[in-house]
Amino acid sequence: MSSAPELAGLEPSRIESAALADAGGRVLAWTRTNMPLLAGLRSAFERERPLEGRRIGMCLHVEAKTAVLVEVLRAGGAEVVLTGSPATTDDRVAALLAQDGDTRVYARKADTMDDHHGHVARVLASEPDLLLDNGADLIAATVAAEGARVTAATEETTSGRHRLLGELAGRIAFPVIVINDSPIKLLFENEHGIGPAVVDGFLRATNSLIAAKTFAVIGFGSCGRSLARTLRRLGASVVVVERDPVRALEAAFEGMRVTSVERAAELADVVITVTGRPGAVTTDVMSRLRDGAVLANVGHFSTEIDVPGLEQIAVRRDEVRDDVTAFVLPGGRTVYLLARGEMLNLAAASGHQIQIMDLGFALQAHSLRALAVDPTAFSHGYNPVPPEIDRVVAEEALATLSTVEREP
């Protein structure tokens with residue numbers, strides 16, 4: 001087990017650290033109260049100790065809901081070494097978690113992508129035997145390293161799933177359960193959570209009206225569909241870009257305009273990427289944006305928008321609000337980038353709703369327990385969430401809802 005807690009890069013004074021941790025404690029108390037599934041799992045893990053002696057390397061957004069999941073894993077006997085993603089860390093929660101001698105934290109709100117890669121390396125240097133990943137950064141680094149002792153992992157996102165089935169296919173020597181492909185995550189977190197959460201981020205970043213604006217949603221998977229529908233309900237006109245013909249047809253049948261990314265850039269007041277893949281908006285696309293257009297990303301990686309390319313072609317940049325950067329392009333047009341191109345719902349707001357993440361993180365905890373107990377029950381590389389885990393999480397969630405009638 002680890003000795004002293006670490007909060008890499010934040011480097012506050014002891015007084016500042018204590019103040020941050022105290023504020024983090026207040027945020028965590030409210031969040032914990034609203035996560036009944038994780039509360040039940042914490043009690044079960046305390047009894048069973050299924051993770052006794054295990055070290056879990058985590059790459060997950062460091063905020064209050066993640067902290068409740070960390071408490072569950074710690075209750076199960078695990079030591080946790082945690083990092084997050086650029087711009088999505090809540091420094092209050094990071095400071096609070098760092099007070100736990102069996103939780104090491106490498107994350108801060110101001111992290112750059114270079115900082116992030118350094119933190120990933122530190123997590124792997126701790127020699128974890130289980131991984132909980134978000135975007136497959138830890139898994140990819142483990143594959144590239146020699147002598148890693150990882151026996152199993154979970155992966156949270158669409159972006160990570162693409163990497164597992166693409167660049168990492170056939171190269172992973174341990175099982176990985178992909179939480180993203182659970183029907184519970186697809187139907188509830190993606191369909192019901194992401195749209196309102198992104199709108200929350202947009203409103204906090206811009207303080208701008210949604211109605212009577214044209215939004216281009218790049219990607220019409222479960223997350224893009226949720227965002228597009230939410231924007232429509234709030235009075236926006238929505239243009240959809242989707243390369244899968246079945247999904248594009250679905251958008252068309254819902255009355256949305258379907259077009260190319262180039263044409264969408266010409267039409268839109270706001271362009272939001274939700275693809276899970278890099279390079280969705282290139283500098284060529286940016287050259288077609290109207291004056292005053294807004295760019296934002298919801299996918300896990302900021303590479304969905306070519307931010308370095310935007311910085312290179314701009315003749316001037318100005319920070320006009322906390323999460324709004326103005327780029328003046330040749331010819332005088334101005335394009336506004338929200339939250340550095342990082343995940344808008346987390347970088348500018350509080351991410352998915354607490355109850356939504358209670359479902360997703362219950363899937364995580366159940367899956368990690370199954371992997372720790374018997375990793376040989378799973379094949380190397382990609383694995384879906386076992387149906388029995390989907391069923392038990394759904395049953396536990398139903399039992400918490402006031403809208404569900406139960407027999408006396």
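Being a predicted model, the structure only gives us computed values, none of them experimental.

1. Examining the overall build of the protein chain
Within the protein chain, the regular secondary structure consists of 16 helices and 15 strands. For 408 residues, the compact-globule estimate of 2.2 N^0.38 gives 22 Å, and the protein chain sits close to it at 21 Å. With the C-alpha coordinates aligned to their principal axes, the bounding extent of the protein chain is approximately 60 × 55 × 45 Å. Across the 408 residues that make up the protein chain, the buried fraction comes to 56%. For the protein chain, the accessible surface area stands at approximately 17000 Å², while carbon and sulfur atoms represent 52% of it. Within the protein chain, one finds 41 positive and 54 negative side-chain charges whose respective centroids are separated by 3 Å.

2. A few points about the state of the cysteines
In the structure shown here, the tally under the stated rule is zero disulfides. Not part of a disulfide, Cys 59 finds its nearest cysteine sulfur in Cys 223, a span of 17 Å. Classification of Cys 59 by relative accessible area gives buried; the value is 0%. For Cys 223, a relative accessible area of 19% corresponds to the buried category.

3. Quick word on the packing of aromatic side chains
Scanning the model with the defined rule gives one aromatic pair in all. Relative to Phe 215, the ring of Phe 202 has its centre 5.4 Å away and its plane inclined at 70°; by these criteria the two rings are edge-to-face. Of this pair, Phe 202 sits in helix 8 (residues 183-206) while Phe 215 sits in strand 7 (residues 214-218), placing them 13 residues apart in sequence. Residue Phe 202 shares its accessibility class with Phe 215, and that shared class is buried.

4. Let's talk about the pattern of salt bridges
For the coordinates displayed, the defined rule picks out 31 salt bridges. Here Arg 204 makes a salt bridge to Asp 200, at a shortest N to O gap of 3.1 Å. Here Asp 200 and Arg 204 lie together in helix 8, a separation of four residues that amounts to about one turn. Residue Asp 200 is classed as partly exposed on the basis of its relative accessible area, which comes to 27%. The partner of Arg 317 in a salt bridge is Glu 319, with the nearest N and O atoms 2.9 Å apart. Residue Glu 319 is classed as exposed on the basis of its relative accessible area of 52%. One network of salt bridges, with partners in common, ties together Glu 191, Arg 225, Arg 229, Glu 250 and Glu 254.

5. Quick notes on the packing of helix 2 (residues 36-48) against helix 3 (residues 64-75)
Packed helix pairs are characterised by how far apart their axes lie and by the angle those axes make with each other. One way to put it is that helix 2 packs onto helix 3 with a least axis distance of 8 Å and a crossing angle of 20°. By the criterion of interaxial angle, the relationship of helix 2 to helix 3 is roughly parallel. As for the relative orientation of helix 2 and helix 3, their crossing is left-handed in sense. In this structure, helix 2 contributes Leu 38, Leu 41, Arg 42, Phe 45 and Glu 46 to the contact, and helix 3 contributes Val 68, Leu 69, Glu 71, Val 72, Leu 73 and Ala 75. For the contact of helix 2 with helix 3, the per-class residue count stands at eight nonpolar, no polar and three charged.

6. Re helix 5 (residues 113-125)
Spanning 13 residues, helix 5 covers 18 Å between terminal C-alpha atoms, matching the ideal 18 Å at 1.5 Å per step. By the burial criterion, the buried members of helix 5 are His 116, His 119, Val 120 and Val 123. Viewed along the axis of helix 5, the buried residues span an arc of 105°, placing them on a single side of the element. Seen from the open side of helix 5, the exposed residues pointing more than 90 degrees away from its buried face are Asp 114 and Ala 125. Where the residues of helix 5 are buried, they touch strand 1 (55-59), strand 2 (79-83), strand 3 (103-106) and helix 6 (137-144). Backbone geometry just after helix 5 places Glu 127 at a positive phi near 60°.

What counts and how
Residues numbered from 1 in each chain as written. Predicted model: local features only at pLDDT ≥ 70, side-chain atom pairs only at ≥ 80, totals over all residues. Heavy atoms only, no water. Helix = DSSP H or I, 4+ residues; strand = E, 2+ residues; numbered from the N terminus. Rg over C-alpha atoms; globule rule 2.2 N^0.38 Å. Buried < 20%, exposed > 50% of the residue type's maximum accessible area, 1.4 Å probe, protein only. Areas by Shrake-Rupley, 256 points an atom, 1.4 Å probe, with all protein chains shown as cover. Lys, Arg positive; Asp, Glu negative; His and termini not counted. Charge placed at Lys NZ, Arg CZ, Asp CG, Glu CD. Disulfide = S-S within 2.5 Å. Phe/Tyr/Trp six-rings, centres within 6.5 Å; stacked < 30°, edge-to-face > 60°. Salt bridge = Lys/Arg side-chain N within 4 Å of Asp/Glu carboxyl O. Axes fitted to C-alpha atoms, helices over the stretch in contact; angles between N-to-C directions. Parallel < 35°, antiparallel > 145°, perpendicular 65-115°, else oblique. Left-handed = near helix turned anticlockwise from the far one by under 90°. Contact = heavy atoms within 4.5 Å. Nonpolar A, V, L, I, M, F, W, Y, C, P; charged D, E, K, R; others polar. Expected span 1.5 Å × (residues − 1). Arc of directions from axis to C-beta.

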